[in-house]
Amino acid sequence: MNITLCSFKRSFVIILLTFLSNFVNGQNHTVARQWNEMLLKAIRNDFGRPTVHARNLFHISAAMYDSWAVYTNYADTYFLGKSFKAFLIPFDKSKLVLPSDLRNSQEEALSYAVYRLINHRFRFSPGALTTLSLANDLMIELGYDPSYYSTDYKTESPAALGNYLANKIIEYGLQDGSNEIFDYRNQYYQPVNPPLNIEELGDQGLLDPNRWQPLAFETFIDQSGNEILGFTPGFLGAEWGNVVPFSLKEEDLSIYSKNNDTYKVYHDPGPPVFIDPMNNNLSKDYKWNFTLVSLWSSYLDKNNDLVLDISPKSIGNLKLEDYPVSLEDYQEFYKMEGGDNSIGYDLNPKTELPYDEQLVKRGDYARVLAEFWADGPDSETPPGHWFTLINYVNDQPELVKRLGGEGDLIDNFEWDIKSYFILGGAMHDSAVATWGIKGYYDYIRPISALRYMASKGQSSNVSLPNYSEAGLPLIEGFIEIIENGDALAGSTGENIGKVKVFTWKGPSYILVPETDEAGVGWVLGESWMPYQRPTFVTPPFAGYVSGHSTYSRAAAEVLSLLTGDEYFPGGMGQFPAIKDEFLVFEQGPSTDIVLQWAKYYDAADQCSLSRIWGGIHPPIDDIRGRIIGSKIGKAAMEHSLKYFNLENAPSPEDNQDIIIYPNPIKAGSSISILFLEEEDPLKSVELFSLDGKLIYTFNASDVSESESFLRFRAPLILTTGLYILRIEKKNQIIMEKLIITN
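Worth saying up front: this structure is predicted, and the values here are computed from it rather than measured.

(A) Focus on the nonpolar core. Of all hydrophobic cores here, the largest spans 181 residues; its most connected members are W35, Y65, Y78, Y334 and M427. The leading source of residues in this core is helix α11 (residues 412–441), at 16 residues. If sequence neighbours within four positions are ignored, M427 has contacts with A54, P383, W386, F387, Y551, A554 and A555.

Shown next, in the form of C-alpha cells:
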C-alpha cells in the first residue's frame, strides 16, 4: 500500500470520527442502526461500485423492513409473499409462529437476514476477511448463533425466518437483471473509443468526442482504495437500466435499441450537448460546458484571494423551479467565478436568528467540497454517503420522529427501519435510472473532452495559429496560445502555437500529499487533469447524467418528506474540515472550515456543484440529474407509504416477462416457456453453470417456437443442481434460474 493511500485512510478515520463523535457519542443505537453501520463498513471494504451498493443498501434495508413488518398487524411486506419479474417468494403468514416478545423477534429475524445477505454479497470483496469477521462479531455481541442455518420459519424461531428471507432475496438477486451471477459484468456494451493513458499527452486517438473514453493506468486505485496494477477499468453498470427497480414505473421507461442491443432508460432527459468537429457554431454549448470545468479548476488554490461567505446566510435556498431549463439559462445559473446564483436565507427559521457568516478563501472551500463529496478510497460511495447523513439526522435531539412530520411518535427502531427502506429504494432507483441513461448516451468526461479540444487547437480566431473548428475557445487569462519565450514553449519550441490553460496544475506537482500543494498555473491544455488522485482521475463510467446529482436530490426529497421538514434539525446541518488534515489529494485546507446546510436540498445542491469543482462533470450532467432525482425521491416516498398500512398496500404485482414450467425439472425432460410480451423475436437460448461457464447452446432444431411460446428439452448431460437460463430476444435479455433434479 502506498503512502498516498495510507495517508487517505488516516485522514478518513479522522473525518469519520469527527463527523460521528460530535453527534452520536453515548447514544444507544437500535439493532437496525447497528446493522446499517455494519453494511456501510462492508461497502467501504469492497470495490467502489455505486450501482451495486445502491442495490445492496436497498435489498438489505428491505430485508430489515420485512423482518419488522411481518410481526405487525398493520404493515405489508415488500419481499415476503410477493412476486417480482416471474420470481415468487412464497410465504404463509398464517403459519408463522408468533412469539410473545415481538420486538425481540423482529430484531432476531432482522439480524439473521442481514447477516446472511452480507455474507453472501461481500464474500468475494477484497476486504471480505475483515467484513465477515466484523459481521460475525456483531452477531455474537447481539447474542445470536451465526451457525444456525434453519429456514423452517413455520415451526422454529425468528432466526429461521431471517435465514429464509435472506435465501430468497439471494435467489431473487440472481435473476433481477443485475447479472450478479457473473459479477455484474456488462453483457453487450463496448466502448467506441480507445483508452486514454493519463501519463501521456493529448486525446490519443479519440474516435468520437461525444462518447465515453476508458482510462488506462499503470496503477489504478478504485473508489474503495483497492490497488490494481496495469489496469484499464471497464464501464461500470452500462446496462444497469435492466435491473428491477423499486418505484420506477412503466410510464417512466423508454426502451431503445443501439447496435442491436437493448437499453432501458427511465426518465429519459434527452441527449446532452454535442460537438461537431467541423462546425464551431454548432458546438458552442458543448465548449461552454467543458470550458467552465477548466475555469473552475483555476480557483483551486489557497492563494486565491477571493473570500466567500459559505454559511446559509449567503449560499443555498434554491427551489426546483430555479434550476435552468434552456441552455442559455445555464450560463446565468452557473457563475464563471464558481458556484451558482443562490442567495441564502435571512433567518434560521428554527432559532429566528440570522445565520452567522463564515468567511473562507474560495480555493479552500472549493477543494473541501470536491473531496468531501468525492468517491475516494474507503468511501461508502454516494448512496452510502446519504445513509451516513440520514444517520446523522436521526441522531439529532431536535428531530421529532413523526412520519411526514404528522401523526404519532415513532420509536427509534421503527423509525430506522422505515427511513432505511425509503432511502434505500430511492438510492436503488437512482442507480437504475442514472446508469440506464449513462449506458445509452455513453457521454464523454471532461478529461477527454478538454484534452481533445486542446489537441485540436483554438477556435476563436482564424488568423491566429493552430485554428480548428473543434478547438478550445480562447479566454484571456485562462485559455491562451503558447508563444515564443513562454515557459511552456519547450526546449526546441515544440509547443509554440499550442493551447495552454490556467488551471489546477495536477497531481504530478504533488510528491508528499501531507505537505505539498499543486496550486494553479499554466499547463498544456492537452495534459489537463481534474482535481483528483493520479491513480483514480475519473470514475469508470460515462458522465451524463451525474450520479451524485441524482442520488443527492433524491435523498434530499426523501429526508424532507420523511421528516416533514425541508430543514435540518435545528435549521443547520454541518461538517467540520480540519486545517491541514482534511484534504487528501494535497495539503489543506489552510484554515478550519465547516460545511453548512440549512436544508437537505442545500446539501444536495452543494454535492452537485462539487463534481464540477472536482473536474468530473460539466453542468449539462448536473441539472438534468437533479431533476430526475427529485422525481425519484418523491416516487420512492409515495410508494413506500403504501406498504406501511395494509389498507393502502399495493396488490401483489406480477410483472413477469416469462413463465417457465415445470421448474424444477429432470434432465432430458421438456421445458415450456410462456412469454407475456409478444412480438419480440427470439435470438438465442443458452444454459450456464453458476460459475458462468456456458454449458449448452440450444440450436433452432432444439426449440419449438411460436410468437409467445417455446418448448425445448433439458440436455441429458445435466447433473443435479442450479443453472442459469439466458434467453435473448430482440428487445431484452432474460436470465432465469433453472433447477435440475434427479
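(B) Expanded view of the environment of K82. With respect to the secondary-structure elements, K82 resides in the loop between α3 (50–69) and β1 (83–84). Overall, the relative accessible area of 9% leaves K82 in the buried class. Linking K82 and K642, residues 560 residues apart in sequence, is a C-alpha distance of 14 Å. Reaching out from K82, the side chain makes a polar contact with the backbone oxygen of T77 at a distance of 3.1 Å.

(C) How the structure looks around the packing of helix α13 (residues 547–563) against helix α15 (residues 619–644). Packing of α13 against α15 brings their axes to within 7 Å, and their N-to-C directions diverge by 35°. Where α13 crosses over α15, the handedness of that crossing is right-handed. Facing S549, T550, R553, A554, E557, V558, L561 and L562 of α13, the residues of α15 in contact are D622, G625, R626, I628, G629, S630, I632, G633, K634 and M637. Grouping the amino acids of the contact of α13 with α15 by side-chain chemistry returns 7 nonpolar, 6 polar and 5 charged.

(D) Structural context of the environment of F478. Its location among the elements puts F478 in the loop between α12 (446–456) and β10 (479–481). As for F478 and T51, which are separated by 427 residues in sequence, their C-alpha atoms are 36 Å apart.

(E) Broad picture of the sheet that holds strand β12 (residues 520–524). Strand order in this open sheet of 3 strands is β10-β11-β12, and the pairing throughout is antiparallel. The sheet is open, and its two edges are formed by β10 and β12, each paired on a single side. Strand-to-strand, the axes of this sheet are offset by a mean angle of 30°, without reference to chain direction. Pairing of β10 with strand β11 (residues 499–504) involves 3 bridges; the strand directions are antiparallel. Looking at β11, one finds that E480 is bridged to K500. Along the sheet, helix α7 (residues 284–297) makes contact with β10, β11 and β12, crossing β11 at roughly 55°.

(F) Spatial organisation of the side chain of D76. Among the structural elements, D76 can be located in the loop between α3 and β1. Of the polar contacts made by the side chain of D76, one reaches the side chain of K82; its length is 3.1 Å.

(G) Structural context of α11. Over its 30 residues, α11 extends 43 Å from the first C-alpha to the last, a length consistent with the 44 Å expected when each residue adds 1.5 Å. Residue D411 occupies the N-cap position of α11, its side-chain oxygen lying 3.0 Å from the main-chain nitrogen of F413. Within two residues after α11, D442 carries a phi angle of roughly 55°, on the positive side.

(H) Layout of the confidence of the model for the protein. With 90% of its residues at a pLDDT of at least 70, the protein reaches an overall mean of 90. When the criterion is pLDDT under 50, residues 1–26 qualifies, and its contacts beyond four places in sequence or with other chains add up to 44 contacts. In this model residues 652–656 is a low-confidence stretch, pLDDT under 50, and it forms 9 contacts with partners more than four residues away in sequence or in other chains.

Cut-offs applied
Residues numbered from 1 in each chain as written. Predicted model: local features only at pLDDT ≥ 70, side-chain atom pairs only at ≥ 80, totals over all residues. Heavy atoms only, no water. Core = buried A, V, L, I, M, F, W, Y, C linked by side-chain atoms within 4.5 Å. Buried < 20%, exposed > 50% of the residue type's maximum accessible area, 1.4 Å probe, protein only. Helix = DSSP H or I, 4+ residues; strand = E, 2+ residues; numbered from the N terminus. Contact = heavy atoms within 4.5 Å. Polar contact = N/O pair within 3.5 Å; in protein donor to acceptor, adjacent residues only side chain to side chain. Axes fitted to C-alpha atoms, helices over the stretch in contact; angles between N-to-C directions. Left-handed = near helix turned anticlockwise from the far one by under 90°. Nonpolar A, V, L, I, M, F, W, Y, C, P; charged D, E, K, R; others polar. Pairing = 2+ DSSP bridges. Expected span 1.5 Å × (residues − 1). pLDDT = per-residue confidence, 0-100.

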